[in-house]
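Structural characterization, general
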Amino acid sequence: KNQVEQSPQSLIILEGKNCTLQCNYTVSPFSNLRWYKQDTGRGPVSLTIMTFSENTKSNGRYTATLDADTKQSSLHITASQLSDSASYICVVSAPGGNNRLAFGKGNQVVVIP
Amino acid sequence: GAVVSQHPSWVICKSGTSVKIECRSLDFQATTMFWYRQFPKQSLMLMATSNEGSKATYEQGVEKDKFLINHASLTLSTLTVTSAHPEDSSFYICSAPPGRDSSYEQYFGPGTRLTVT
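Let me sum up the structure you'll find in this document. As the structure is a computational prediction, the values presented were derived from the model and not from experiment.

Section: the layout of surface pockets
The volume enclosed by the largest pocket comes to roughly 580 Å³. Lining the largest pocket are 27 residues; nearest its centre among them are Ser87, Lys105 and Gln108 of chain A together with Lys41 and Gln42 of chain B. Listed by contribution, the elements that provide at least two residues to the lining of the largest pocket are β1 (4-7), β9 (86-93) and β11 (107-112) of chain A. Per-class residue counts for the lining of the largest pocket are 6 nonpolar, 15 polar and 6 charged. What the second largest pocket holds in volume is close to 270 Å³.

Topic: the nonpolar core
Across soluble globular proteins, nonpolar side chains show a tendency to be buried alongside one another. Judged by nonpolar contacts, the single largest core of 26 residues is most densely connected at Leu21, Tyr25, Leu33, Trp35, Leu75, Tyr88 and Val92 of chain A. Counting only elements with at least two residues in this core, the list comes to β2 (10-14), β3 (19-25), β4 (32-38), β5 (45-51), β7 (62-67), β8 (72-77), β9 and β11 of chain A. Setting aside its immediate chain neighbours within four residues, Tyr88 of chain A contacts Gln6, Leu21, Trp35, Tyr36, Lys37, Leu47, Tyr62, Leu75, Ile77, Gly106, Asn107 and Val109 of chain A. Counting 23 residues, the second-largest nonpolar core is a separate cluster that includes Val11, Cys13, Val62 and Ala84 of chain B.

Section: the packing of aromatic side chains
Scanning the model with the defined rule gives 8 aromatic pairs over all chains in all. A ring pair is formed by Tyr36 of chain A and Phe108 of chain B, whose centres lie 5.1 Å apart and whose planes are at 85 degrees; its orientation type is edge-to-face. Of this pair, Tyr36 of chain A sits in strand β4 while Phe108 of chain B sits in strand β10 (residues 107-108), which puts the two residues in different chains. Residues Tyr36 of chain A and Phe108 of chain B agree in their burial class; the two are buried. On the numbers, 6.3 Å between centres and 80 degrees between planes, the contact of Phe103 of chain A with Phe108 of chain B is edge-to-face. Placement of the pair is Phe103 of chain A in strand β10 (residues 101-103) and Phe108 of chain B in strand β10, with the two residues belonging to separate chains. Considered together, Phe103 of chain A and Phe108 of chain B belong to a single accessibility category, that of buried residues. The residue whose ring lies beneath Arg61 of chain A is Tyr62 of chain A, and the NZ or CZ to ring-centre distance is 5.7 Å. One residue, Lys66 of chain B, lies across the ring of Phe67 of chain B, its end atom 5.9 Å from the ring centre.

Side note on the pattern of salt bridges
Residue and element names in this part refer to chain A. This structure, assessed with the given rule, holds 4 salt bridges over all chains. Taking the shortest distance from any N to any O, the salt bridge between Glu54 and Lys57 comes out at 3.1 Å. Given a relative accessible area of 25%, Glu54 falls into the partly exposed group. Classification of Lys57 by relative accessible area gives partly exposed; the value is 26%. The shortest N-O distance in the salt bridge between Arg61 and Asp84 comes to 2.8 Å. Taken as a pair, Arg61 in the loop between β6 (56-59) and β7 and Asp84 in the loop between β8 and β9 lie far apart in primary sequence, 23 residues in all. Judged by relative accessible area, Asp84 falls into the buried class, the value being 1%.

Conventions and cut-offs
- Residues numbered from 1 in each chain as written.
- Chains lettered and ligands numbered in written order.
- Predicted model: local features only at pLDDT ≥ 70, side-chain atom pairs only at ≥ 80, totals over all residues.
- Heavy atoms only, no water.
- 1 Å grid on protein atoms, 1.4 Å probe; cavity = no way out; pocket = protein on both sides within 12 Å on 5 of 7 lines; lining within 4 Å.
- Points joined across faces, edges and corners; volume = space filled by probe spheres on them.
- Helix = DSSP H or I, 4+ residues; strand = E, 2+ residues; numbered from the N terminus.
- Nonpolar A, V, L, I, M, F, W, Y, C, P; charged D, E, K, R; others polar.
- Core = buried A, V, L, I, M, F, W, Y, C linked by side-chain atoms within 4.5 Å.
- Buried < 20%, exposed > 50% of the residue type's maximum accessible area, 1.4 Å probe, protein only.
- Contact = heavy atoms within 4.5 Å.
- Phe/Tyr/Trp six-rings, centres within 6.5 Å; stacked < 30°, edge-to-face > 60°.
- Lys NZ or Arg CZ within 6 Å of the ring centre and 35° of its normal.
- Salt bridge = Lys/Arg side-chain N within 4 Å of Asp/Glu carboxyl O.

That is the geometry; function is a separate question.
Pasting the structure below:
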């Protein structure tokens, strides 16, 4: 079973609307949780990174939340734009300095005019 | 912010040939770089950890003789897919942490699309 589960797998939203993406993880202990945006055919680009002690972080119209007790995170996109169409990947890092990253499969978002 | 580049961005090769992909950290030094493979609608899968000046560490199930990794300098790692087959067709992405602690932040390259015919 994947250590990081994301939902919904895909969604279509109207331009200007808001949406929330969910990420549940089982990695424990964990060092930090990150959200990346991956455009089709491109590498992931970091949106937010939160340590276990943080419960919210914003980057423009993107706001991530983290509940370390329930092992859940969400990414909220406000006033969506066409350029927000992408895959949003939740990544959880375990402590230790090695590359112990657990990747979710991503939430595929399509924004339509 | 830190930038990681990859070259080429896409490549098509015939079955049986070898292909080299380069990963460069443009404005920072990286003693460690990571190579991932991503199939459509799937997660990034770590293939190997590239260590400057020493041998790469491969994940279970990844053939080290097929995927040759060379990390000759603090800004360059290369992945060579030897005797490529159609099943090697995938999106290859590298990443590098700007600091020693790779568990905090990593910067990803733009990826290389490999198609083996």
